[in-house]
Amino acid sequence: MDRNLSALQPALVWKHFAEIVRIPRPSSHEEKIRAYVLGVARSLGLECREDEAHNIYVRKPASPGMENRKGIVLQAHLDMVPQKNNDKKFDFLTDPIDAYIDGEWVTADGTTLGADNGIGAAAILAVLEDNTLVHGPLEALFTATEETGMDGAFGLKPGLLQGDILLNLDSETEGELYVGCAGGLDANIAFDYAEVPAPADDFKAARLSVKGLKGGHSGIQIVAQRANANKLLFRLLNAEAGKCGVVLASVDGGGLRNAIPREAEAVVLIPAANYRAFADAVAAYEKTVAAEFEGIEDSIAVRLDACQAPAGVIPADVASNLIRAVVGCPDGVVRMSVAMPGLVQTSTNLARVVSDGRSIKLQCLLRSSVRSEKEALGEAIAAVFALAGADTELTGSYDGWNPDMKSPILKAMTASYEELYGRKPAVTAIHAGLECGIIGSNYPGLDMISFGPTICYPHSPDEKVEIASVAKFYDFLVRTLANAPQK
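Quick summary incoming for the structure in this document. (Residues numbered from 1 in each chain as written. Predicted model: local features only at pLDDT ≥ 70, side-chain atom pairs only at ≥ 80, totals over all residues. Heavy atoms only, no water.)

This next bit is on the sheet that holds strand β4 (residues 99-102). Within the open sheet, the 4 strands sit side by side as β4-β5-β23-β22. Their pairing is antiparallel. Bordering the open sheet on either side are β4 and β22 (455-456), each of which pairs with just one other strand. Judged from the 2 bridges that link them, β22 and strand β23 (residues 464-466) form a sheet pairing that is antiparallel. Along β23, the bridge assignment pairs Ile-455 with Val-465. Contacting β4, β5 (105-108) and β23, helix α11 (residues 467-482) crosses the sheet at an angle of about 60° to β23. (Pairing = 2+ DSSP bridges. Helix = DSSP H or I, 4+ residues; strand = E, 2+ residues; numbered from the N terminus. Contact = heavy atoms within 4.5 Å. Axes fitted to C-alpha atoms, helices over the stretch in contact; angles between N-to-C directions.)

Rendered as structure tokens:
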């Protein structure tokens, strides 16, 4: 594998990205990447600081003759989504990402790459370092803990930023300018229970698992209608548990709130007399869901493997209520946009289902560009689980970012892109939670655009960034800075 990222162009961008991938930076563990960014800024003699929310702020004065241009804030987040293949031994708190060049792409060996949003951060550092660039007053904002709650954006206080324009470098299709995004809401669900002793006689213990799914970003990839491992697992339990007398001992499904679940498993106890019938049902179910998702998922695996018998299990009434509630819980695309064809308007992702012997915790991430729809969907999910005896808390609500099609920076960037590449960029919105909406609430006068290189399969171990698109994205960023509107 060719791991020499520094040999790629543009050199400064890839130099910094090669350093960034070696720095552990899952959400809430960003101390080392903050130190790296501050170190670069100080080595360049630039004004820099860390705020109370652990955002990093850097200021670079205008190049000579550009002092009369509107100030631009370049913004990216520092954390990454830590996802790995089940058979990959990797510690995101200590191990560097093993990034390598794979033809026209850069990807990672068995883990997320962190191009989301490491490439954006690397581009900002390249701009800060390159004193040959032409630009007006610049500010760089590196936000904290975006992936698990947008903590840095929420904690950004008014008065820090002085610029007129914010360029968010966290989009994932080169040649597209994003002028709007969805808002979000978390549904946190809990079943409390006390374990009961496992049945002692004539039962076999097994681990029921769903694996091999693509997963991906729960906003961007939700329109692809990929399978959700949690939903597949509980659909099977709902269909077969009663017939075969299956007892649910524990469950561990999904991972991060903003990733479509790729894997889920449950430890179950099956009456010995029914074990073969249940195993046959599992094998038949694998064929059924593989056929249903043909052309979308190509590696669905549903397995039943013998395991050590647990001492305790989930009470039968709690298990039954849980299974039915998960089956009934909305998941995936709820409504498409009428105003912007092809754009998801409202969706939800049943991201996590996990038991610990005392409670079962579930988490859904809801997204919508319409506040009332988002709130109604949250109440619908809460109602489903209330009927099952669970408590639901709706938290972390934030509004989307409404498009401004008369934006001066949109006009300038459209012209710059056409000058460079002979065609106009696409102007659209994204069904994901960009920080623009939150930052804009504290800085209502900011003129905002989001753009970036082409990144495929973010939030999954298949994540990759197209090398050629990074060069186009950076050249476009440099041209945008040079063509910034006058004050």
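Examined against the element boundaries, Ser-63 turns out to sit in the loop between β2 (56-60) and β3 (72-77). Those residues in contact with Ser-63, other than ones at most four positions away along the chain, are Leu-133, Val-134 and His-135.

This part takes up the pairing of strand β6 (residues 138-143). The buried fraction of β6 amounts to 6 of the 6 residues, a majority that puts the element mostly inside the structure. Alternating positions in β6 separate into two faces, Leu-138, Ala-140 and Phe-142 on one and Glu-139, Leu-141 and Thr-143 on the other, with burial throughout. Sheet topology places β2 next to β6; 5 bridges connect them, and they run antiparallel. Note on β6: the bridge partner recorded for Lys-60 is Leu-138. In the sheet, β3 pairs with β6 via 6 bridges, with the strands oriented parallel. (Buried < 20%, exposed > 50% of the residue type's maximum accessible area, 1.4 Å probe, protein only.)

Across soluble globular proteins, nonpolar side chains show a tendency to be buried alongside one another. Core analysis: the largest hydrophobic core is formed by 68 residues, its most contacted members being Trp-14, Val-106, Phe-142, Leu-167, Phe-451 and Leu-477. If one sorts the elements of this core by residue count, helix α3 (residues 115-129) sits on top with 10 residues. If we skip the residues at most four places from it in the chain, Leu-167 touches Ile-72, Val-73, Leu-74, Gln-75, Ile-409, Met-413, Ile-449, Phe-451, Leu-477, Thr-480 and Leu-481. (Core = buried A, V, L, I, M, F, W, Y, C linked by side-chain atoms within 4.5 Å.)

A separate point is helix α6 (residues 275-292). In this model, α6 (18 residues) spans 26 Å end to end at C-alpha, consistent with the 26 Å of a helix rising 1.5 Å per residue. Residues of α6 that are buried: Tyr-275, Phe-278, Ala-279, Ala-281, Val-282, Tyr-285, Glu-286 and Val-289. The buried residues of α6 occupy one face: seen down the axis, they fall within an arc of 155°. Turned more than 90 degrees away from the buried face of α6, the exposed residues are Arg-276 and Lys-287. (Expected span 1.5 Å × (residues − 1). Arc of directions from axis to C-beta.)

Overall, the coordinates contain 8 aromatic pairs when judged by the stated rule. Cluster of aromatic residues (ring-pair linked, three or more members): Tyr-417, Tyr-421, Phe-451, Phe-473 and Phe-476. We note Lys-464 situated over the ring of Trp-105; from NZ or CZ to the ring centre the distance is 4.4 Å. (Phe/Tyr/Trp six-rings, centres within 6.5 Å; stacked < 30°, edge-to-face > 60°. Lys NZ or Arg CZ within 6 Å of the ring centre and 35° of its normal.)

On inspection of all chains with the given rule, the structure shows 20 salt bridges. Glu-47 is the partner of Arg-49 in a salt bridge, and the nearest nitrogen-oxygen pair spans 2.7 Å. Here Lys-243 makes a salt bridge to Glu-240, at a shortest N to O gap of 3.9 Å. Separated by 3 residues within a single helix, Lys-243 and Glu-240 lie in helix α5 (residues 229-244), roughly one turn from each other. Exposure remark for Lys-243: the relative accessible area of 65% places this residue in the exposed category. The network of salt bridges with shared partners includes Arg-371, Lys-374 and Asp-399. (Salt bridge = Lys/Arg side-chain N within 4 Å of Asp/Glu carboxyl O.)

On the surface, a nonpolar cluster with roughly 200 Å² of combined accessible area is contributed by Val-223, Val-333 and Met-336. Position of Met-336 relative to the elements: it lies in strand β16 (residues 332-336). Judged by relative accessible area, Met-336 falls into the partly exposed class, the value being 33%. (Patch = residues over 30% accessible without salt bridge, like charges linked within 9 Å, V, L, I, M, F, W, Y side chains within 5 Å. Areas by Shrake-Rupley, 256 points an atom, 1.4 Å probe, with all protein chains shown as cover.)

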